[in-house]
Amino acid sequence: MKQLTLAVALGLVTAAGVAQARDNIEIVGSSTVYPFSTAVAEQFAKKTGMAAPKVEATGTGGGMKLFCSGAGIDTPDISNASRRMKKSEMETCIKNGVDAVTEVKIGFDGIAITQAKDAAPVALSRRELYLALAKDVPTGPNGELQPNTYTTWKQINPAMADVKIEVMGPPPTSGTRDALAELGMEKGCLLFKGMPELKKSDEKAFKAACTTVREDGHYIEAGENDNLIVQKLQANPNAVGIFGYSFMDQNRDSLKAASIDGVDISYDAIANGSYKLSRPLYFYVKNSHVDQIKGIKEYMAEFASDAALNADGYLADKGLVALPAAEKSASIAAAAALTPVSVNALK
């Protein structure tokens, strides 16, 4: 009996330890949203006196996998995303007991194709970007897909430098990688003979043809550590790196960005849509955790506030491109009401 009583007591102590370990909010996901999320976490802690949330940059896909792994408090409360949640991800959430998730759109970002500050300037089209990055490209006599043999930029465009194609970018778990494929590679691929027809007849085959990244050493997966890519660009001025605009903007002393289809990346070009490698940013909240983990409501209110999201708010100083007024109001309302996103609204 004494042994049983001791075991029960130890179990209670262990349970209490787990509860104490979750006095702070746990956030995972996009490395692009990471600096915005940490800025909000600092403001939240300063204003409320609560512990600052723990924020990890796992990549959008990696974050969604953790977020949707279950409903228990041993799983993350919030997942940041540099693309919208996928229908398949929400279905995984539901399967694992996470049946109510609030989606909050926070603003826009652009994908910057960057170089070291002292590198020779590069101007790219989405067609050229596709030819540089795709595993297979339509180079056959009738536009058939063949393995990509482009090894230098000059082979793609005679006006470009005769240097090796070396692009350092995000891994498949990154929302930036997803957006690069959808906004850049796919749009460039559609310019080739037969691709619009393939998209209509076989979407899966089209995606495979147009968004599969080469694996022959010309595209280097550099993880989620953007600072490491900066160091490598400085060591090799001929290399190109892929970042979110906000990171590039914060590092203009050492980086510059290529123009895309004749448009330079800028806050205004992202906001008005003229810069074509632009995408919305989000965070997602597990509704069942709101009443279990102290501070989630307050953190959401801080993130979805005028002070954070306005064009002159503190997140704009970090590089976030503000939402139009109507969209911002909708985001603030969704955060306040904990409006669940519908699985049928996702793709």
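Before reading on, note that the structure itself is shown above.
Residues numbered from 1 in each chain as written. Predicted model: local features only at pLDDT ≥ 70, side-chain atom pairs only at ≥ 80, totals over all residues. Heavy atoms only, no water.

## Quick word on helix α15 (residues 325–337)
Its 13 residues give α15 an end-to-end C-alpha distance of 18 Å, which sits within 8% of 18 Å, the value for a rise of 1.5 Å per residue. Check the buried side of α15 and you find it contacts β4 (101–116), α13 (296–303) and α14 (306–309). A positive phi of about 55° marks leucine 338, the residue just after α15. (Helix = DSSP H or I, 4+ residues; strand = E, 2+ residues; numbered from the N terminus. Expected span 1.5 Å × (residues − 1). Contact = heavy atoms within 4.5 Å.)

## A short note on unusual backbone geometry
Negative phi characterises most residues that are not glycine, and trans characterises most peptide bonds. One non-glycine residue with positive phi stands out, namely aspartate 261, at about 50°. Examined against the element boundaries, aspartate 261 turns out to sit in the loop between β12 (259–260) and α12 (267–271). A residue is classified by how much of its surface remains accessible, and aspartate 261, at 37% relative accessible area, is partly exposed. With phi around 55°, leucine 338 is a residue other than glycine that occupies positive phi space. (Buried < 20%, exposed > 50% of the residue type's maximum accessible area, 1.4 Å probe, protein only.)

## Digging into the nonpolar core
Counting residues in hydrophobic clusters, the biggest one holds 52 residues, and the most contacted among them are Ile113, Tyr130, Trp153, Val167 and Leu277. In this structure tyrosine 130 touches Asp136, Val137, Pro138, Leu145, Met185, Gly188, Cys189, Phe192, Ala209 and Cys210, once residues within four positions along its chain are discounted. Grouped together as the second largest cluster of nonpolar side chains are 29 residues, Ile25, Ile27, Ile296 and Met300 included. (Core = buried A, V, L, I, M, F, W, Y, C linked by side-chain atoms within 4.5 Å.)

## Quick notes on the environment of asparagine 310
For asparagine 310, the location among the structural elements is in the loop between α14 and α15. Expressed as a C-alpha distance, the spacing of asparagine 310 and leucine 320, which sit 10 residues apart in the sequence, is 9.6 Å. Setting aside anything within four residues of it in sequence, one finds asparagine 310 in contact with Ser305, Ala316, Ala322 and Lys328. Within the local environment of asparagine 310, its side chain forms a polar contact with the side chain of lysine 328, the two groups lying 2.5 Å apart. (Polar contact = N/O pair within 3.5 Å; in protein donor to acceptor, adjacent residues only side chain to side chain.)

## Brief notes about the packing of helix α7 (residues 175–189) against helix α9 (residues 203–211)
Axis separation between α7 and α9 bottoms out at 9 Å; the angle between their running directions is 95°. Taken together, the axis directions place α7 and α9 in an arrangement best described as roughly perpendicular. When α7 is examined against α9, the residues Ala181, Met185, Glu186 and Cys189 are found in contact with a partner set consisting of Phe206, Lys207, Cys210 and Thr211. Here the residues of the contact of α7 with α9 sort into 5 nonpolar, 1 polar and 2 charged. (Axes fitted to C-alpha atoms, helices over the stretch in contact; angles between N-to-C directions. Parallel < 35°, antiparallel > 145°, perpendicular 65-115°, else oblique. Nonpolar A, V, L, I, M, F, W, Y, C, P; charged D, E, K, R; others polar.)

## Thoughts on the packing of aromatic side chains
Under the criterion given, the structure shown has 7 aromatic pairs. Ring geometry for phenylalanine 44 versus tyrosine 299: centroids 6.1 Å apart, planes at 75°, classification edge-to-face. Of this pair, phenylalanine 44 sits in helix α2 (residues 34–48) while tyrosine 299 sits in helix α13; the two residues are 255 residues apart in sequence, bridging distant segments of the chain. Of the two residues, phenylalanine 44 and tyrosine 299, neither departs from the other in class, the shared state being buried. Ring geometry for phenylalanine 283 and phenylalanine 303: centres 4.7 Å apart, planes at 25°, overall stacked. In this pair, phenylalanine 283 is assigned in strand β13 (residues 278–286) and phenylalanine 303 in helix α13, connecting sequence segments 20 residues apart. Through successive ring pairs, a cluster of aromatic residues spans Phe44, Phe283, Tyr299 and Phe303. (Phe/Tyr/Trp six-rings, centres within 6.5 Å; stacked < 30°, edge-to-face > 60°.)

## A short note on the environment of alanine 57
Along the polypeptide, alanine 57 turns up in the loop between β2 (54–55) and α3 (60–67). A C-alpha to C-alpha distance of 15 Å links alanine 57 and isoleucine 25, two positions 32 residues apart in sequence.

## Remarks on helix α10 (residues 226–235)
Each α-helix winds once per 3.6 residues, and so residues spaced three or four apart point in a common direction. Inspection of α10 places Asp226, Ile229, Val230 and Leu233 among the buried residues, and these make up the whole buried set. In an axial view of α10, the angular spread of the buried residues amounts to 105°, which keeps them on one side of the axis. Set apart from the buried face of α10 by more than 90 degrees, the exposed residues are Gln231 and Ala235. Here the buried face of α10 lies against β4, β8 (167–169), β10 (240–244), α11 (245–250) and β11 (255–257). (Arc of directions from axis to C-beta.)

All quantities given are derived from atomic positions and should not be read as evidence of function.
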